[in-house]
Amino acid sequence: MGYRFTGVYAITCCFNLRQLRPVNTMRQTSHQFLRLLLIFLSILLAPCHAIASQVLVTIEDKNITLADLETALASSPFYTQFNTLDEDEQAAMRGYMLKRLVTARLLEVEAHRLQLEKSPAFTTDLKDYIDGVRYQKYLQQLRESIKLSEDEKRELRQQFSGSADAFAAARSSLIASRYQALFQLTLQKLRDQYHVQLFQDRITPEMKPDTVLMQGDNLQLTYADLTSDTETDFNKSALLDQLFQQTEYMLISQAALSENMNLSKIAQRYTEQRLPALLVEIKVKEWIPDDSALQAYFQSHPALHKLKDRWHIGQLVVATRKQAEALRTRIINGERSLFQLASEFSIDPEARFNQGDLGWVLQGSGMPEIEDAIKKLKNNEISPVIRTIKGYNLITVLERRTGSKQNYYQIKDKLRQMIIDENMIDYLTELQKEHRVNWLVMENDQKKAYELLQDKKSSEK
Amino acid sequence: MVSGRLKKLSLIILTSLSLQLYAADVQQPKQVLHNIKLPDLSGESHSLKDWKGKVILLNFWASWCTPCQYEIPNLISYQKRYGGKKFQVVSIGLDEIRKLKNVKRSLGINYPVLVVSQQQGADLLVKLGDRQQIVPYTIILTKAGEISYTHQGEFDDNAFDLYVKPLL
């Protein structure tokens, strides 16, 4: 039992589940209880036995289902790695992803309450985005209309038999060469259809912002449309490029508009993603209206004026002292390096992903037992076995850097992020109180997690 | 004099031995496949003879390889639809057992996963014609155990229709 919980602690730390604070149902519970709860939620452990439409969390009238969670995981950049994790590690990852989904939905609900979807900032964004999608889809349809003959396909298959990548590349290259010709032909047809006239000869240093450079049926481009800066730097060739590109974009967009594409789902997805981001942008402007907010934060946090000592650390964690001693002997005998063994045996997933390379660790940010050992170690030496809450650790210091003073300009970006992080936690807590967040997934498994916590406490006594 | 003869003799023996070793090293891919004996995820040893008389789709993969994971649902579907007396998907994972087991559970792999270390697996790939040691790599074996097709990269429905279906 002890081994399992040691592992669980490491996982929750790694994915930073501590900040997951469902307000309505679990406000009074301890962090430890929450960690256990997330890890042992049966649905997060074995979702294949559950129904995809099962609702995990509700926020006002919006549901987050198991299918939403699985879709989010499948489209995340770490999905390949996710499949290689143990069941409890995957459950922790699902918990982390669920937290992110809840945060996004919470912000979306609040954005709707503030009617941000009606704001000019959003409506302009949405229109530009949908225009872009329509343009891309039209070109995609054009590309897909190019079909290779059966003979051509057979020839390519024979030539690149056995190599899927080479076959796909040759096929794409053949289609691309035909696409260019088809694209030019289509553009010419559209120019004729919309009676487009280009007035390149009007591009002179004397032209006015409202000088018309392209005219067609319901289409027009002026000098001011091509550049936001009509006052300085006249550059004829750059303006010509702009004129051709924007004419092409307008013609294709116009043609795409007449195709009657149904883009409502894409618009909905964009709204779901853009509204939370827009709300965050607004809040950040509120928290940091200008640089004076950053300077004030810098002045009121003297601890930030000095960069602490840093150590580049390698670490391996295992569940038993016996195993740690055995691995230490192998490293000292030169059989394998600490990093090779960490990637194979470490029970800390973070250490395993990074092959034992913990990167640069700041003084005061690690566990005290580890920091004590670091101070006693020479560079590249392997520590004795160190017992910590994570398990039995072996560490090595690759490089040390002593702290130095840092001024406001060196850490301006960091200050900005720190202010955002601090305010965001409070803001999200406030939103959770304001909107009804119901963690159904937790209620179902509370009892089970509570029993596990009791087991752990009694085994510690 | 005697010692000179001995030296000559030992040289001849050594030369013939190294030639034999060389000969063993350049065995044909078909022989290499027939000599494969690897454990599955529960440690039970297998050779391809276990599926004798079936068309075998032999797939080399690794858990860290994204295209390998992409094609796994295809392989699961082929095994589900055609697996039985005539056809069998067999995979060889070049990886840690723990990770292979986790991917098997996560994606619901329904065919045997044999295990080989990365180094041994890389050597095996070269001997089987995948000189660049690219995974995924797939070999199609006829019912008579002959190699009929090798495929670097993702194995998809097109490849299955062209190179496997006619053998069934």
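Residues numbered from 1 in each chain as written. Chains lettered and ligands numbered in written order. Predicted model: local features only at pLDDT ≥ 70, side-chain atom pairs only at ≥ 80, totals over all residues.

1. Considering the overall build of chain A
- When its secondary structure is counted, chain A shows 20 helices and 10 strands.
- Counting every position in chain A, which comprises 461 residues, the buried fraction comes to 23%.
- Pairs at least 24 apart in sequence give 69% of the contacts found in chain A among residues at least 6 apart. (Helix = DSSP H or I, 4+ residues; strand = E, 2+ residues; numbered from the N terminus. Buried ≥ 20, exposed ≤ 12 C-beta atoms within 10 Å, placed from the backbone. Contact = placed C-beta atoms within 7 Å.)

2. Describing the overall build of chain B
- Secondary structure summary: chain B contains six helices and seven strands in total.
- From first element to last, N terminus to C terminus, chain B shows the α and β order α-α-β-β-β-α-β-α-β-α-β-β-α.
- Within chain B, residue pairs in contact and separated by at least 24 positions form 65% of the contacts whose partners lie at least 6 positions apart.

3. Some details on the sheet that holds strand E4 (residues 87–94) of chain B
Residues and elements named next belong to chain B.
- If you trace the five strands from one edge of the open sheet to the other, you get E5-E4-E3-E6-E7, paired in mixed fashion. Across the chains shown, the open sheet's two edge strands, defined by having one partner strand only, are strand E5 (113–116) and strand E7 (147–152). With direction set aside, neighbouring strand axes in the sheet form an average angle of 20°.
- Relative to strand E6 (residues 137–141), strand E3 (residues 55–61) runs antiparallel, the two being bridged by five bridges. Looking across to E6, one finds that Phe60 is bridged to Tyr137. (Pairing = 2+ DSSP bridges. Axes fitted to C-alpha atoms, helices over the stretch in contact; angles between N-to-C directions.)

4. Some thoughts on the pairing of E4(B)
All names here are of chain B.
- Most of E4 is tucked away: eight of the eight residues are buried.
- Residue alternation in E4 divides its side chains into two sets, Phe87, Val89, Ser91 and Gly93 and Gln88, Val90, Ile92 and Leu94, and both sets are buried.
- Across seven bridges, E3 lies against E4 in parallel orientation. By the bridge assignment, Trp61 is partnered in E4 with Gly93.
- Viewed along the sheet, the connection from E3 through helix H3 (residues 66–82) into E4 turns out right-handed. (Right-handed = clockwise from strand over helix to strand, strands pointing away.)

5. Quick notes on the confidence of the model for chain A
- When pLDDT is averaged along chain A, the result is 82, and 84% of the positions lie at 70 or above.
- Here residues 1–34 of chain A is a poorly scored stretch, pLDDT under 50, and it has 64 contacts once near neighbours within four places are set aside; other chains count. (pLDDT = per-residue confidence, 0-100.)

6. Comments concerning the interface of chain B and chain A
- Contacts between the two partners involve 17 residues from chain B, matched on the other side by 10 residues from chain A.
- Sorting the residues of the side of chain B that touches chain A by element identifies H3, helix H4 (97–107) and E7 of chain B as the ones contributing at least two each.
- No other element matches H4(B), which puts five residues into the side of chain B that touches chain A.
- In terms of residue class, the side of chain B that touches chain A is built from five nonpolar, nine polar and three charged. (Nonpolar A, V, L, I, M, F, W, Y, C, P; charged D, E, K, R; others polar.)

7. What to know about the nonpolar core
Residue and element names in this part refer to chain B.
- Ranked by size, the top nonpolar core spans 38 residues in total, and within it Ile56, Leu57, Leu58, Phe60, Val135 and Leu141 carry the most contacts.
- If one sorts the elements of this core by residue count, E3 sits on top with six residues.
- The contact partners of Leu141, leaving out residues within four places of it in the chain, are Val55, Ile56, Leu58, Glu146, Ile147 and Ser148. (Core = buried A, V, L, I, M, F, W, Y, C linked by C-beta atoms within 7 Å.)

8. Topic: the pairing of E6(B)
Residues and elements named next belong to chain B.
- Across the five residues that make up E6, a large majority, five, are buried.
- Residues Tyr137, Ile139 and Leu141 line one face of E6 and the alternating positions Thr138 and Ile140 line the opposite face, and both faces are buried.
- By the bridge criterion, five bridges tie E6 to E7 in an arrangement that is antiparallel. Each residue of the ladder has a partner; that of Thr138, found in E7, is His151.

9. What to know about the environment of A:Leu415
Residues and elements named next belong to chain A.
- Structurally, Leu415 is set in helix H19 (residues 412–434).
- The class of Leu415 is buried, set by 20 C-beta atoms lying within 10 Å.
- C-alpha of Leu415 to C-alpha of Phe298: the two residues are 117 residues apart in sequence and 7.2 Å apart in space.
- Those residues in contact with Leu415 that lie beyond four places of it in its chain are Leu294, Tyr297 and Phe298.

10. Some points on unusual backbone geometry
- The peptide bond linking B:Val135 to B:Pro136 adopts the cis configuration, its omega dihedral lying at 5°.
- Mapped onto the elements, B:Pro136 comes out in the loop between helix H5 (118–127) and E6.
- Here the phi dihedral of A:His195 falls at roughly 50°; this positive angle occurs in a residue that is not glycine.
- Within the secondary structure layout, A:His195 lies in the loop between helix H10 (164–193) and strand E3 (197–198).

11. Side note on the sheet that holds strand E1 (residues 55–59) of chain A
Residues and elements named next belong to chain A.
- Spatial ordering of the open sheet is given by E2-E1-E10, a layout of three strands whose pairing is antiparallel. In the strand order of this sheet, the two ends are held by strand E2 (62–65) and strand E10 (437–438), each with one partner.
- Where E1 lies against E10, two bridges are found, and the strand directions are antiparallel. Considered in E10, the bridge of Ile59 is made with Val437.
- Helix-sheet contacts for helix H7 (residues 87–113) involve E1, E2 and E10, and the interaxial angle to E1 is about 30°.

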